[in-house]
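Architecture at a glance
Residue strings, one per chain:
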Amino acid sequence: MSIWWSLHLRREAASVPLARRLLLGTMETAGVDPDVSYELSVALTEACANAVEHGGREAVGRGAASEAYRVTAYLDGETCRIEVADSGPGFSGTVVERRTAAPDDAEHGRGLRLIEELADHVHFGRTGRGGALVSFDKIIKWRADAPLALT
């Protein structure tokens, strides 16, 4: 069985815990191991926080910054994929290189590295409209009583 959902969220701090709670609720209902669910929720939180902070830009010819970003989650078989897309400036080589360079005591700049540590496969790219796309996968461990686990 597969589950997927997609949210279009305003670029506001309050949207981040909303996405996290929805993911955790979906994982709990499906029967995903709580440790895996927690790791995915932390990675999702980091990706959403980046979209909220960096995901807007002045729209050429429209005169307004983008106010939304998209979160999509797929739970299929033994894999969960999460994608967070915004309409900001996207990733440049400099941003992707900096993800490993933040000092240990830095208050910012470690989110992308954290996503890489928590997920099994991560892709930082651009959306079709030039915004940033963070996509990450994790192999799922199921609880013994999981209603959606493969048998």
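Because the structure is a prediction, the values reported are computed rather than measured.

1. Quick notes on the overall build of the chain
Looking only at helices and strands, the chain has 4 helices and 5 strands in total. The N-to-C order of helical and strand elements in the chain reads β-α-α-β-β-α-α-β-β. The buried share of the chain, taken over its 151 residues, is 43%. At a minimum sequence separation of 6, the contacts of the chain that also span at least 24 residues come to 66%. Summed over its atoms, the accessible surface of the chain is roughly 8,600 Å², and 52% of this surface lies on carbon and sulfur atoms.

2. Things to note about the packing of helix 1 (residues 15-30) against helix 2 (residues 34-54)
Where helix 1 contacts helix 2, the axes come no closer than 9 Å and their chain directions differ by 155°. Relative to helix 2, helix 1 is oriented roughly antiparallel. Here helix 1 and helix 2 pass one another in a crossing that is right-handed. Residues S15, V16, A19, R20, L23, L24 and M27 of helix 1 form the contact with helix 2, whose own contacting residues are S37, Y38, L40, S41, V42, L44, T45, C48, A49 and V52. Of the residues in the contact of helix 1 with helix 2, the class split is 12 nonpolar, 4 polar and 1 charged.

3. Section: empty space enclosed by the protein
Take a probe with the size of a water molecule and roll it over the atoms, and the empty space left behind shows itself. Inspection of the entire model under this criterion finds 1 cavity of 30 Å³ or more. There is about 40 Å³ of room inside the largest cavity. Around the largest cavity sit I3, W4, W5, L23, T26, M27, A73, Y74, L75 and C80, which together line it. Elements that contribute at least two residues to the lining of the largest cavity include exactly strand 1 (2-10), helix 1 and strand 2 (68-76).

4. Quick notes on the nonpolar core
Ranked by size, the top nonpolar core spans 36 residues in total, and within it L40, L44, Y69, I82, V84 and F136 carry the most contacts. Per element, the largest residue contribution to this core is 9 residues, and it comes from helix 2.

5. Thoughts on the confidence of the model for the chain
Per-residue confidence for the chain gives a mean pLDDT of 85, with 80% of residues at or over 70. The spread of mean pLDDT over the elements of the chain runs between helix 3 (residues 93-98), the lowest at 51, and strand 3 (residues 79-85), the highest at 97. Confidence drops under pLDDT 50 across residues 59-64; counting only partners more than four residues distant or on other chains, this segment forms 4 contacts.

6. Structural notes on the pattern of salt bridges
Applying the stated criterion across every chain yields a total of 6 salt bridges. A network of salt bridges, in which partner residues are shared, links R113, E116 and E117.

7. A word on the sheet that holds strand 4 (residues 121-126)
Reading across the sheet, the 5 strands line up as 1-2-3-5-4 and stay open at both edges, with antiparallel pairing between neighbours. A strand with exactly one partner marks an edge of an open sheet, and here the two such strands are strand 1 and strand 4. With strand direction ignored, the average angle separating the axes of adjacent strands in the sheet is 10°. In terms of strand pairing, strand 1 meets strand 2 through 9 bridges, oriented antiparallel.

8. With respect to helix 2
An ideal rise of 1.5 Å per residue puts 30 Å on 21 residues; helix 2 measures up with 30 Å between its terminal C-alpha atoms. Residues V36, S37, L40, S41, V42, A43, L44, T45, A47, C48, A51 and V52 constitute the buried set of helix 2. In the core, the buried residues of helix 2 are packed alongside helix 1, strand 2, strand 3, helix 4 (111-118) and strand 5 (132-139). The distance from a side-chain oxygen at the start of helix 2 to the backbone nitrogen of D35 is 3.0 Å, and the residue carrying that oxygen is D33.

Basis of the calculations
Residues numbered from 1 in each chain as written. Predicted model: local features only at pLDDT ≥ 70, side-chain atom pairs only at ≥ 80, totals over all residues. Heavy atoms only, no water. Helix = DSSP H or I, 4+ residues; strand = E, 2+ residues; numbered from the N terminus. Buried < 20%, exposed > 50% of the residue type's maximum accessible area, 1.4 Å probe, protein only. Contact = heavy atoms within 4.5 Å. Areas by Shrake-Rupley, 256 points an atom, 1.4 Å probe, with all protein chains shown as cover. Axes fitted to C-alpha atoms, helices over the stretch in contact; angles between N-to-C directions. Parallel < 35°, antiparallel > 145°, perpendicular 65-115°, else oblique. Left-handed = near helix turned anticlockwise from the far one by under 90°. Nonpolar A, V, L, I, M, F, W, Y, C, P; charged D, E, K, R; others polar. 1 Å grid on protein atoms, 1.4 Å probe; cavity = no way out; pocket = protein on both sides within 12 Å on 5 of 7 lines; lining within 4 Å. Points joined across faces, edges and corners; volume = space filled by probe spheres on them. Core = buried A, V, L, I, M, F, W, Y, C linked by side-chain atoms within 4.5 Å. pLDDT = per-residue confidence, 0-100. Salt bridge = Lys/Arg side-chain N within 4 Å of Asp/Glu carboxyl O. Pairing = 2+ DSSP bridges. Expected span 1.5 Å × (residues − 1). Polar contact = N/O pair within 3.5 Å; in protein donor to acceptor, adjacent residues only side chain to side chain.

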